[in-house]
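One letter stands for each residue in the lines below.
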Amino acid sequence: MIERRSRPDRSKAIAVNAGIVMQDTDGREAAAVFMEDAGVPLPVIARVLNEPERRRAADVR
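Here goes a summary of the coordinates provided.

Definitions and limits used
Residues numbered from 1 in each chain as written. Predicted model: local features only at pLDDT ≥ 70, side-chain atom pairs only at ≥ 80, totals over all residues. Heavy atoms only, no water. Helix = DSSP H or I, 4+ residues; strand = E, 2+ residues; numbered from the N terminus. Buried < 20%, exposed > 50% of the residue type's maximum accessible area, 1.4 Å probe, protein only. Contact = heavy atoms within 4.5 Å. Areas by Shrake-Rupley, 256 points an atom, 1.4 Å probe, with all protein chains shown as cover. Salt bridge = Lys/Arg side-chain N within 4 Å of Asp/Glu carboxyl O. Axes fitted to C-alpha atoms, helices over the stretch in contact; angles between N-to-C directions. Parallel < 35°, antiparallel > 145°, perpendicular 65-115°, else oblique. Left-handed = near helix turned anticlockwise from the far one by under 90°. Nonpolar A, V, L, I, M, F, W, Y, C, P; charged D, E, K, R; others polar.

### Topic: the overall build of the protein chain
- Of regular secondary structure, the protein chain possesses three helices and zero strands.
- Evaluated residue by residue, the protein chain yields a buried proportion of 30% over its 61 residues.
- Taking all contacts inside the protein chain whose residues are at least 6 apart in sequence as the whole, residues at least 24 apart take part in 44%.
- Of the roughly 4,200 Å² of accessible surface on the protein chain, a fraction of 56% belongs to carbon and sulfur atoms.

Now the structure itself:
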């Protein structure tokens, strides 16, 4: 499977990073809802919230 290393959609990239920060402050559910409302695909939400080791280098760590 080919893995993309950058997001073509900057607004979703910003939403993902905000969601990652939100997970630490407001919890996983709030972060997931925020990202879903921002249009981030569910598989991406699951990956960034549940598998931090698989986040892209540009994502908040």
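### Re the pattern of salt bridges
- Taken as a whole and assessed by the stated rule, the structure comprises one salt bridge.
- Across the salt bridge formed by Lys 12 and Asp 9, the nearest N and O atoms sit 2.9 Å from each other.
- Taking relative accessible area as the criterion, Asp 9 reaches 28% and is therefore assigned partly exposed.

### A closer look at the side chain of Arg 47
- Looking at where Arg 47 falls in the secondary structure, it is placed in helix H3 (residues 42-50).
- With sequence-adjacent residues up to four places away left out, Arg 47 is seen in contact with Pro 52, Arg 54, Arg 55 and Arg 56.

### Points about the environment of Ala 18
- Considering the arrangement of structural elements, one finds Ala 18 in helix H1 (residues 10-26).
- With 16 residues separating them along the chain, Ala 18 and Phe 34 place their C-alpha atoms 8.6 Å apart.

### Examining the packing of H1 against H3
- Two numbers describe how H1 lies on H3: the axes approach to 10 Å, and their chain directions differ by 45 degrees. Here H3 runs oblique to H1, going by the angle between their axes. Like other packed secondary-structure pairs, H1 and H3 cross with a definite hand, here right-handed. Of the residues in H3, those touching H1 at Val 16, Gly 19, Ile 20 and Gln 23 are Val 44, Val 48 and Leu 49.
- In the contact of H1 with H3, the residues fall into five nonpolar, two polar and no charged.

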